[in-house]
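One-letter residues, chain by chain:
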Amino acid sequence: MILVWPLMLALGACTVPDSTPNVPNGVTEAPNAPMSSVLEQTIDEARPAGVVFDQSFEEEADGELVRFNTQSWYYVAANEADLVTAANQLRDTAVQQGWTLLYPYANSSGSGLYTARLTKGQMLLTLDYTTTAYFVLYPDDEDELSLSAEILLDPSREGGG
């Protein structure tokens, strides 16, 4: 027993340090890649002609209610022709910045809401614009010719698939 005690002390001094980072108790890491991955995209700085920048906001995933890191921004237009031109310009700018077009603007439901989707790695960019046809179908909604964009970071998207 006398020989075992010094051996146990020596082994205790040679323990491997804990490899987990120092995270304060009660703090959990977001389930997604960092928000900086979304914010470093420069498509949000594009200002297509014919529309006026209205607003933008960011939402960081919290692992509960907000599932993905997102950034959204909005434009408004005075007329439908300018709106369509701006929407196409924003889509083309995204492609020039490395986004891959999954499908162009489509109005599959005939509702006057046109949507295009693009991808870049684990991110999905959705571009939407509403036309006057939308106002007729949905008279209770706000009648505003608008173009919206949203980047959503989804870590489960393998290579943009």
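Below: a short report on this structure.

**With respect to the pattern of salt bridges**
So, step 1. Enumeration according to the criterion identifies one salt bridge in this entry.
So, step 2. As a salt-bridge pair, R91 and D92 come within 3.1 Å of each other at their nearest N and O atoms.
So, step 3. With a relative accessible area of 16%, R91 lands in the buried category.

**Remarks on a negative patch on the surface**
So, step 1. A cluster of acidic side chains, namely D54, D140, D141, E142, D143 and E144, defines a negative patch on the protein surface.
So, step 2. Following the sequence through the fold, E142 ends up in the loop between α4 (132–137) and β6 (146–153).

**A look at the packing of aromatic side chains**
So, step 1. Tallied over the full model, the rule gives five aromatic pairs.
So, step 2. Centroid distance Y114 to Y129: 5.0 Å. Interplanar angle 10°. Geometry classified as stacked. Taken as a pair, Y114 in strand β4 (residues 113–120) and Y129 in strand β5 (residues 123–130) lie far apart in primary sequence, 15 residues in all.
So, step 3. Summarising the aromatic geometry, the rings of Y134 and Y138 are spaced 4.7 Å apart at their centres and angled 40° between planes, so their arrangement reads as tilted.
So, step 4. Joined through ring pairs, the aromatic side chains of Y105, Y114 and Y129 make up one cluster.

**Notes on the sheet that holds β5**
So, step 1. Pairing is antiparallel in the open sheet, where six strands are placed in the order β1-β2-β6-β5-β4-β3. The strands lining the two open edges of the sheet, one partner per strand, are β1 (51–59) and β3 (100–106). Sheet twist, expressed as the average angle between the axes of neighbouring strands with direction ignored, equals 10°.
So, step 2. Bridging between β1 and strand β2 (residues 69–77) involves eight bridges; their strand directions are antiparallel. Counterpart to E58 in the pairing with β2 is Q71.
So, step 3. On the sheet, helix α3 (residues 80–96) packs against β1, β2, β3, β4, β5 and β6 and is oriented at approximately 170° with respect to β5.

Cut-offs and rules
- Residues numbered from 1 in each chain as written.
- Predicted model: local features only at pLDDT ≥ 70, side-chain atom pairs only at ≥ 80, totals over all residues.
- Heavy atoms only, no water.
- Salt bridge = Lys/Arg side-chain N within 4 Å of Asp/Glu carboxyl O.
- Buried < 20%, exposed > 50% of the residue type's maximum accessible area, 1.4 Å probe, protein only.
- Patch = residues over 30% accessible without salt bridge, like charges linked within 9 Å, V, L, I, M, F, W, Y side chains within 5 Å.
- Areas by Shrake-Rupley, 256 points an atom, 1.4 Å probe, with all protein chains shown as cover.
- Lys, Arg positive; Asp, Glu negative; His and termini not counted.
- Charge placed at Lys NZ, Arg CZ, Asp CG, Glu CD.
- Helix = DSSP H or I, 4+ residues; strand = E, 2+ residues; numbered from the N terminus.
- Phe/Tyr/Trp six-rings, centres within 6.5 Å; stacked < 30°, edge-to-face > 60°.
- Pairing = 2+ DSSP bridges.
- Axes fitted to C-alpha atoms, helices over the stretch in contact; angles between N-to-C directions.
- Contact = heavy atoms within 4.5 Å.

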